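Residue strings, one per chain:
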Amino acid sequence: MKMSDTAPAQEALYLSDIRKTYYTGTVDVPVLKGVNFEVRRGEFIGIMGSSGSGKSTLLNILGLLDKPTGGVYRLDGQPVETLSDRELTTIRNIKIGFVFQAFNLFPHLTVQENIEVPMMYAGVDIRKRHEISREMASKVKLAHRLDHRPTQLSGGECQRVAVARSLVNNPTFILADEPTGNLDEKTGNEIMALFHELHRAGTTIVMVTHNPQYEPEYDRVIYLRNGRKWRVIDNVNHKTEEFET
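Below you will find a few notes about this structure. (Residues numbered from 1 in each chain as written. Predicted model: local features only at pLDDT ≥ 70, side-chain atom pairs only at ≥ 80, totals over all residues. Heavy atoms only, no water.)

A separate point is the packing of helix α3 (residues 111-121) against helix α4 (residues 126-139). For the pair α3 and α4, interaxial distance at closest approach is 9 Å and the crossing angle is 125 degrees. By the angle class used here, α3 and α4 are oblique. Crossing angle aside, the handedness with which α3 passes α4 is right-handed. From α3, Q112, I115, E116, M119 and M120 reach across to α4, where they touch R129, H130, I132, S133, R134, M136 and A137. (Axes fitted to C-alpha atoms, helices over the stretch in contact; angles between N-to-C directions. Helix = DSSP H or I, 4+ residues; strand = E, 2+ residues; numbered from the N terminus. Parallel < 35°, antiparallel > 145°, perpendicular 65-115°, else oblique. Left-handed = near helix turned anticlockwise from the far one by under 90°. Contact = heavy atoms within 4.5 Å.)

Burial of helix α1 (residues 55-62) is extensive: six of the eight residues sit out of reach of the surface. Downstream of α1 by one or two residues, L64 has phi in the positive range, about 60 degrees. (Buried < 20%, exposed > 50% of the residue type's maximum accessible area, 1.4 Å probe, protein only.)

Side chains of Y22, V27 and V29 sit close together on the surface and give an oily, nonpolar patch of about 230 Å² of accessible area. Position of Y22 relative to the elements: it lies in strand β1 (residues 11-24). (Patch = residues over 30% accessible without salt bridge, like charges linked within 9 Å, V, L, I, M, F, W, Y side chains within 5 Å. Areas by Shrake-Rupley, 256 points an atom, 1.4 Å probe, with all protein chains shown as cover. Salt bridge = Lys/Arg side-chain N within 4 Å of Asp/Glu carboxyl O.)

Glancing now at the sheet that holds strand β4 (residues 70-75). Pairing is antiparallel in the open sheet, where four strands are placed in the order β2-β1-β4-β5. Each edge of the sheet is formed by a strand with only one pairing partner; in this case those strands are β2 (27-40) and β5 (78-79). Sheet topology places β1 next to β2; eleven bridges connect them, and they run antiparallel. Across the sheet, T21 pairs through a bridge with P30, a residue of β2. (Pairing = 2+ DSSP bridges.)

An order of β6-β7-β8-β3-β9-β10-β11 is seen for the seven strands of this open sheet, with the pairing classed as mixed. The open sheet terminates on both sides in strands that have one partner only, identified here as β6 (96-99) and β11 (239-242). Sheet twist, expressed as the mean angle between neighbouring strand axes with direction ignored, is 20 degrees. Strand direction decides the pairing type here: strand β3 (residues 44-48) and strand β9 (residues 220-225), joined by four bridges, are parallel. Among the inter-strand pairings, G46 is bridged to a residue of β9, identified as V221. Relative to β6, helix α5 (residues 155-167) is tilted by about 170 degrees, and along the sheet it contacts β6 and β7 (173-177).

Here's what the structure looks like:
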């Protein structure tokens, strides 16, 4: 599973005509109706849209948790539509760092153990796991909390653990789903500041959110409506495009 020789070197993600239809009895329910965009390495992308716009379905496809009905999705140059479930699981663990609204930490594990979970699935040696987990905990300013459990942490600290965990396998990109949704405004802003710090260090981030206050903070914002891309705000080049839906 190596990167395609024809894929652009700076391409992290590429989606072309991504469609998703759910079938309920005799009724077809199209949710995504031909979504197109790419994410370059090092970009910080926001995906926004109202309820029913298709962003949750797109999130599941980006995270390899669901397969599109049609279209092309390349991750790190690798077309993923034809891969087996086992191959998808391997790629998901290595190439995607997940950060969820609800943190999704194991309450019985320590901070260090929670950070190490993706590396355990990847078969990383225990000494290397310890080394990387301490390094990542330090990066998110939790080096002093390694022996604590999630119930002993604040919401912001739990999310910092989740961010550290997302980084351990050096993924192609971080996929963040409403990462500030369970946090108060001050703590949410602190987590966004952490994402900006990672972005400045070169991390590629795709964040799905409904919070319009963060719109100016992304390199680009991709708005979905009725299962299609309808607006792209480019904050780097100071331009906006709109598309028919």
